[in-house]
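Chain by chain, the residues:
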Amino acid sequence: MTMVGLNPGAVALAGLWAIWDGAPVRLDDRAWNAIEQSAGCVDRILASGRTVYGVNTGFGLLAQTRIPDDRLLDLQRNLILSHSCGIGDALSPRVVRLAMALKAIGLARGHSGVRRIVVERLLALLDADALPVIPSQGSVGASGDLAPLAHLAAALIGVGEVALGGEVLPAADALQRLGLEPLTLGPKEGLALINGTQVSTAVALDALFAAERVFGSALVAGALSTDALKGSAVAFDPRIHEARGQPGQIAVARILAGLIEGSGILASHSGCLRVQDPYSFRCQPQVMGAALDLLRGVARTLEIEANAATDNPLLFGDVALSGGNFHAEPVAFAADILAIALCEVASISERRTAVLVDPKMSGLPPFLVEDSGVNSGFMIAQVTAAALVSENKSLAHPASVDTIPTSAGQEDHVSMATHAAVKARRIVGNAAGAVGIELLAAAQGIDFHAPLGTSPALARVHKAIRAAIPFYACDRYLADDLAWAKAAVLEGSLADAVQGELF
């Protein structure tokens, strides 16, 4: 796998995707100078006797408390220990890898005041695939992702747990196995490690990358369903979409037209009298195009945030400026927008499945099975899709409109970004299930039109489905089929033909 070079401030989304997918990383050589200069700033601040937040003061409401020089190392260690308050299921390895890489990028911007060894140690753990166990709950998204990042930082000092080589080990044991000593954090280093938006951004990127695969699969499913319905391709005519001008809509219409082009099924009813299909078929460019525009905007926001310096205070030369880059509102908005977009992707997909199983709407056998009555076919598969879509509706309420004061009112407005990103990822998983069900239903519908065939592009998808899932001739245990379809959607294996055109 190709190594990803980390040029702080300029890591592209493609590089972040590669890290998410397991690629090794290497920090650009030019970044080390910025790190060392920033660490020198902290040394000079201490030598001057100035009082600077996070360097020689307490934190939050205790920011006015000056800490004696002989207790500064205790201050940083205690900060990590006291903030390691996460709870709930552990974040996935993909998310933790991203969070570690993003933290290295942020520190390497040269505004955080950490020593070179801190970034080296973070990258050494990442290189060894030694991943801190980080609980998914406990962050309100300001002052940064304090609790989850504290669990990440705790591993560096030999506290907490680390996943290594298929085992979950005490962090001290994992470091020993790697031949590393626990770090003793210097002034400001603990605060720099736990302040920031890296965990919420990593979770949101995980949701985005999965959402892109779901989106591509949903376009393929929609085209396959259109052919199974003997639907019209007129609604994909580019003139319609150019008259509106929305870029996502234009792109989606072009892709759908290309997917169905050359279909024998489509050609067989070119002279039929049906003028219009249901909206879930006819309005795919409008609905999916709007979702595509949102996802592209989310991608831009998260790419910027992934490269950001978001701890506090930030150092500019020997000047320490206290601000609020740790407030994760951009991430919260992005995650909520992603969630809304994927709710609609799943919703319109389920509606197409509902049309296909309804003989009055589709002209296909009831519930897509012969000898219906004795056989129930896709009846409950569609109910499962409906259940997933309804669950998404309850999850789609924006987390970003919520706030709750913390730290004795000092942190009186928070973003809820991590919560937004975690539930967005759940919505994406549900959407994958709904789209997977549609793919199976559409493939079944295509089979009923034999000997007529679908388009060359869709025939490849149909063949891939049938290589794993046989034609549904009579009732059988369906759960395994649905699990395969969901996994195929999340892997993007059925959407290779369109993915490159979208993101």
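Here, every reference points to the structure presented above.
Predicted model, so just to flag it, every value in this text is computed and none were measured.

A.B. asks: Now, about the packing of helix 1 (residues 13-20) against helix 4 (residues 93-107): what can you tell me, with residues and values included?
C.D. replies: Between helix 1 and helix 4, the shortest axis-to-axis distance is 8 Å and the interhelical angle comes to 130 degrees. On the basis of the axis angle, helix 1 is oblique to helix 4. Counted together, L16, I19 and W20 of helix 1 and R94, R97, L98, A101 and L102 of helix 4 form the full contact between these two elements. Its residues assigned to classes, the contact of helix 1 with helix 4 shows six nonpolar, no polar and two charged.

A.B. asks: Summarise the nonpolar core; cite the residues concerned and give the values.
C.D. replies: Counting 164 residues, the largest nonpolar core has L205, F215, L338 and L342 as its most contacted members. The leading source of residues in this core is helix 9 (residues 198-228), at 19 residues. Of all hydrophobic cores here, the second largest spans six residues; its members include C41, V42, I45 and L315.

A.B. asks: Pulling in residues and values, what's your account of the pattern of salt bridges?
C.D. replies: Summed over the entire model, instances satisfying the criterion amount to 21 salt bridges. Here E438 ties to R352 by a salt bridge, and the two come within 2.6 Å at their closest N and O atoms. On the criterion of sequence distance, the pair formed by E438 in helix 18 (residues 417-447) and R352 in helix 15 (residues 329-357) is long-range, its members being 86 residues apart. Comparing E438 with R352 shows no difference in burial state: the two are buried. A salt bridge links R426 to E391, with the shortest nitrogen-to-oxygen separation between them at 2.7 Å. Of this pair, R426 sits in helix 18 while E391 sits in helix 17 (residues 379-395); the two residues are 35 residues apart in sequence, bridging distant segments of the chain.

A.B. asks: Please set out the pairing of strand 6 (residues 161-164) residue by residue, giving values where relevant.
C.D. replies: Moving residue by residue along a regular strand, the side chains alternate between the two faces of the sheet. On strand 6, burial follows the alternation: V162 and L164 on one face are buried, whereas E161 and A163 on the facing-out side are not. In the sheet, strand 4 (residues 131-132) pairs with strand 6 via two bridges, with the strands oriented antiparallel. From the neighbouring strand, L131 faces strand 6, where its bridge partner is A163. Relative to strand 7 (residues 167-170), strand 6 is paired through four bridges, and the arrangement is antiparallel. Residue pairing for strand 7: E161 is matched across the bridge by P170. Between the end of strand 6 and the start of strand 7, which pair antiparallel, lie two residues, with G165 showing a positive phi angle near 60 degrees.

A.B. asks: Residues and numbers for the side chain of N312, please.
C.D. replies: Here N312 lies in the loop between helix 14 (284-306) and strand 8 (314-316). Here N312 falls in the buried class, since its relative accessible area comes to 7%. A distance of 2.7 Å separates a polar side-chain atom of N312 from the backbone nitrogen of G323. Beyond its immediate chain neighbours, meaning those up to four positions away, N312 contacts Y53, L191, N195, L321, S322, G323 and F326.

A.B. asks: Describe in detail the layout of surface pockets, supporting the description with residues and values.
C.D. replies: The computed volume of the largest pocket comes to approximately 760 Å³. In this structure, the largest pocket is lined by 36 residues; those nearest its centre are G60, S143, L146, S407 and E411. Put simply, the parts of the chain that give the lining of the largest pocket at least two residues each are helix 3 (72-83), helix 6 (146-156) and helix 8 (189-194). Of all the elements, helix 3 adds the most residues to the lining of the largest pocket, at four residues. In this structure, the second largest pocket occupies an estimated 480 Å³ of space. Around the second largest pocket sit 20 residues that line it, and L91, S136, Q137, V422 and K423 are the ones nearest its centre. Among the secondary structure elements, those contributing two or more residues to the lining of the second largest pocket are strand 3 (87-90), strand 5 (135-137), helix 9 and helix 18. Partitioned by chemical class, the residues of the lining of the second largest pocket number seven nonpolar, eight polar and five charged.

A.B. asks: Account for helix 20 (residues 479-491), with residues named and values stated.
C.D. replies: Taking 1.5 Å of rise per residue, 13 residues should cover 18 Å, and helix 20 covers 18 Å from first to last C-alpha, within 8% of that figure. Among the residues of helix 20, D481, L482, A485, A488 and V489 are the ones counted as buried. One face of helix 20 carries all of its buried residues, which in axial projection span an arc of 125 degrees. Exposed residues pointing more than 90 degrees away from the buried face of helix 20 are listed as D480 and E491.

A.B. asks: Hey, could you go over the sheet that holds strand 4 for me, with residue numbers and the actual values?
C.D. replies: Pairing is antiparallel across the open sheet formed by three strands, whose spatial order is 4-6-7. Each end of this open sheet is capped by a strand with a single partner; those strands are strand 4 and strand 7.

A.B. asks: Describe the packing of helix 9 against helix 14, with residues and values.
C.D. replies: It is the contact of helix 9 with helix 14, at a shortest axis distance of 10 Å, that shows an interaxial angle of 160 degrees. Judged by the angle between their axes, helix 9 and helix 14 are roughly antiparallel. Relative to helix 14, the crossing made by helix 9 is left-handed. Contacts between helix 9 and helix 14 pair T201, A204, L205, L208, A211, F215, A218, L219, G222, A223 and T226 from the former with Q284, M288, A291, L292, L295, V298, A299, L302, E305 and A306 from the latter. Of the residues assigned to the contact of helix 9 with helix 14, the class counts are 16 nonpolar, four polar and one charged.

A.B. asks: Help me get a handle on the packing of aromatic side chains, residues and values and all.
C.D. replies: Per the stated rule, a full pass over the model turns up four aromatic pairs. Ring plane angle 55 degrees and centroid distance 5.5 Å describe the contact between F378 and Y472, whose orientation is recorded as tilted. Remark: Y472 occurs in the loop between helix 19 (456-468) and helix 20 and F378 occurs in the loop between helix 16 (359-362) and helix 17; sequence separation between them is 94 residues. In this structure Y472 comes out as buried when scored by relative accessible area, which is 3%. Joined through ring pairs, the aromatic side chains of W17, W20 and F209 make up one cluster. Between the NZ or CZ atom of R94 and the centre of the ring of W20, over which it lies, the distance is 3.8 Å. Above the face of the W32 ring, R116 is positioned so that its terminal group lies 4.3 Å from the ring centre.

Thresholds, definitions, all that
Residues numbered from 1 in each chain as written. Predicted model: local features only at pLDDT ≥ 70, side-chain atom pairs only at ≥ 80, totals over all residues. Heavy atoms only, no water. Axes fitted to C-alpha atoms, helices over the stretch in contact; angles between N-to-C directions. Helix = DSSP H or I, 4+ residues; strand = E, 2+ residues; numbered from the N terminus. Parallel < 35°, antiparallel > 145°, perpendicular 65-115°, else oblique. Contact = heavy atoms within 4.5 Å. Nonpolar A, V, L, I, M, F, W, Y, C, P; charged D, E, K, R; others polar. Core = buried A, V, L, I, M, F, W, Y, C linked by side-chain atoms within 4.5 Å. Buried < 20%, exposed > 50% of the residue type's maximum accessible area, 1.4 Å probe, protein only. Salt bridge = Lys/Arg side-chain N within 4 Å of Asp/Glu carboxyl O. Pairing = 2+ DSSP bridges. Polar contact = N/O pair within 3.5 Å; in protein donor to acceptor, adjacent residues only side chain to side chain. 1 Å grid on protein atoms, 1.4 Å probe; cavity = no way out; pocket = protein on both sides within 12 Å on 5 of 7 lines; lining within 4 Å. Points joined across faces, edges and corners; volume = space filled by probe spheres on them. Expected span 1.5 Å × (residues − 1). Arc of directions from axis to C-beta. Left-handed = near helix turned anticlockwise from the far one by under 90°. Phe/Tyr/Trp six-rings, centres within 6.5 Å; stacked < 30°, edge-to-face > 60°. Lys NZ or Arg CZ within 6 Å of the ring centre and 35° of its normal.

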